[in-house]
Amino acid sequence: MHRRLRCGVLLTALAFCLFAGVAVGESNDVAIGERLAAFLRAGRSVISSHQDLINDPAIGTKNLTGQRVVAEALETFGRQGSSATETFSQSDKQLFDAQIEALREIVDEHQKKIDAKGVGFKGFIPATFARLVNERFEEKVGDRAKMKVTGPVDLVRNRKASPDSWEQSVIEQKFLSPGWPKGQSFIEAVEVNGHPSFRMLIPEYYSASCLICHGMPKGEVDVTGYPKEGAAEGDLAGAISITLFK
Ligand code: HEC
């Protein structure tokens, strides 16, 4: 009787530890994913805030260096209250550093383009910038993490942004379902190419400023050369996808 009781207590404790262990690991993964997404967004908004400068054909040297964009992105990011890294492990911090480095490199590698005098629209826009940063991030830490901006399959402009089957099913079955709370992410522990992985998808919606390219009239070619999607403000535009390989 006594023995059975002790065993029961032990089993309960073990079950609790296992459960707590999973929960703690998952909440850290969510925090990592949110941080990576927030910094990518901060970088995009910095590029967006300088879009008129980038597109100005009258100015040559613009001093929009990688160092400056990183500094402004970190500032934007800090203002959102998401700067604390103390709670993250050394290897988590390496991911953040790789992302910062990717951002710096992409801007530095585009200096000639950004500084081209006599050229107005140069194609250096937040979406393209974000894709290049994510691709560089994958080159650096692709064995541990992957980031991508994707979207509903009928909206995707760049084939490289096409959703994989997991992303597509979350977009269609969760984000596009009428009851899905606006802005709510979806997370799941899944296998990716045989590796146990943590996946996170964060929905993004069109704001008024996006519609100059993604809005009406549907089919009209925008400044970037793509046909407009005919979207409205508040429609689901896409999703930031983050995978952490275990
Ligand atoms: C100047 C035109 C322009 C504006 C403004 C613009 N986009 Fe885009 N967007 C593009 C182009 C071009 C691409 C493809 C970029 C690439 O080569 O990867 C793109 C890609 C995307 C993608 C990735 C999936 C895909 O289609 O390849 C999403 C999501 C997206 N845009 C959402 C937005 C949102 C949200 C806004 C407003 C905050 C916005 N865009 C503003 C032109 C624009």
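Residues numbered from 1 in each chain as written. Predicted model: local features only at pLDDT ≥ 70, side-chain atom pairs only at ≥ 80, totals over all residues. Heavy atoms only, no water.

A.B. asks: Looking at this structure, how should I read helix α3 (residues 66-79)?
C.D. replies: In an α-helix there are 3.6 residues to a turn, and that puts residues three or four apart on one side. Between its first and last C-alpha atoms α3 spans 20 Å; for 14 residues at 1.5 Å apiece the expected length is 20 Å, and the two agree. Residues G66, V69, V70, A73, T76 and F77 constitute the buried set of α3. In a view along the axis of α3, the buried residues occupy a sector of 130 degrees, so they form one face of it. For α3, exposure combined with an orientation more than 90 degrees from the buried face picks out Q67, E75 and R79. (Helix = DSSP H or I, 4+ residues; strand = E, 2+ residues; numbered from the N terminus. Expected span 1.5 Å × (residues − 1). Buried < 20%, exposed > 50% of the residue type's maximum accessible area, 1.4 Å probe, protein only. Arc of directions from axis to C-beta.)

A.B. asks: What am I meant to see in the pairing of strand β2 (residues 186-192) here?
C.D. replies: Regular strands place side chains that alternate from one sheet face to the opposite one. Across seven bridges, the pairing between β2 and strand β3 (residues 195-205) is antiparallel. Across the sheet, residue I187 finds its bridge partner in β3, namely M200. Once β2 ends, the chain turns through two residues before running back antiparallel as β3, passing N193 with a positive phi of about 50 degrees. (Pairing = 2+ DSSP bridges.)

A.B. asks: I would appreciate a short explanation of the coordination of the iron atom of the ligand in the present structure.
C.D. replies: Six octahedral donors at a metal ideally form angles of 90 or 180 degrees, and four tetrahedral donors ideally form angles of 109.5 degrees. One donor from the polypeptide reaches the iron atom of the ligand: H214 (NE2), at 2.1 Å. Relative to the assigned elements, H214 resides in helix α8 (residues 211-214). (Donors = N, O, S within 2.8 Å, 3.2 Å for Na, K, Ca; no water.)

A.B. asks: Looking at this model, I keep getting lost on the pattern of salt bridges. Mind explaining?
C.D. replies: Should their charged atoms come close, side chains of opposite charge can pair. In the structure shown here, the tally under the stated rule is 18 salt bridges. The closest approach of N and O atoms between K146 and E138, which form a salt bridge, is 3.4 Å. The exposure class assigned to E138 is partly exposed, which follows from its relative accessible area of 32%. If you follow the salt bridges from partner to partner, you end up with E105, E109, R136, E139 and K140 in one network. (Salt bridge = Lys/Arg side-chain N within 4 Å of Asp/Glu carboxyl O.)

A.B. asks: I would appreciate a short explanation of the environment of H50 in the present structure.
C.D. replies: As for its placement among the helices and strands, H50 is situated in the loop between α1 (2-49) and α2 (51-54). Residue H50 is classed as buried on the basis of its relative accessible area, which comes to 12%. When the C-alpha atoms of H50 and I125 are compared, they prove to be 9.7 Å apart, with 75 residues separating the residues in sequence. The residues touching H50, leaving out its near neighbours within four places in the chain, are L64, R68 and E72. (Contact = heavy atoms within 4.5 Å.)

A.B. asks: Where do I start with the environment of L53 in this structure?
C.D. replies: The residue L53 is located in helix α2 in this model. Residue L53 is classed as partly exposed on the basis of its relative accessible area, which comes to 23%. Spatially, the C-alpha atoms of L53 and G120 are 9.6 Å apart, while their sequence positions differ by 67 residues. Apart from residues no more than four positions distant in its own chain, L53 is found in contact with I59 and K62.

A.B. asks: Even after reading the chapter, I still don't get the side chain of T76, so can you show me in this structure?
C.D. replies: Secondary-structure assignment places T76 in helix α3. Judged by its relative accessible area of 13%, T76 is buried. Excluding residues that lie within four positions of it along the chain, T76 makes contacts with A42, S45 and V46.

A.B. asks: Could you clarify how one ought to interpret helix α6 (residues 126-141) in this entry?
C.D. replies: Between its first and last C-alpha, α6 extends 22 Å over 16 residues, near the 22 Å set by a 1.5 Å rise per residue. Turning to α6, its buried residues number three or more, namely P126, F129, A130, R131, L132, V133, N134, R136, F137 and V141.

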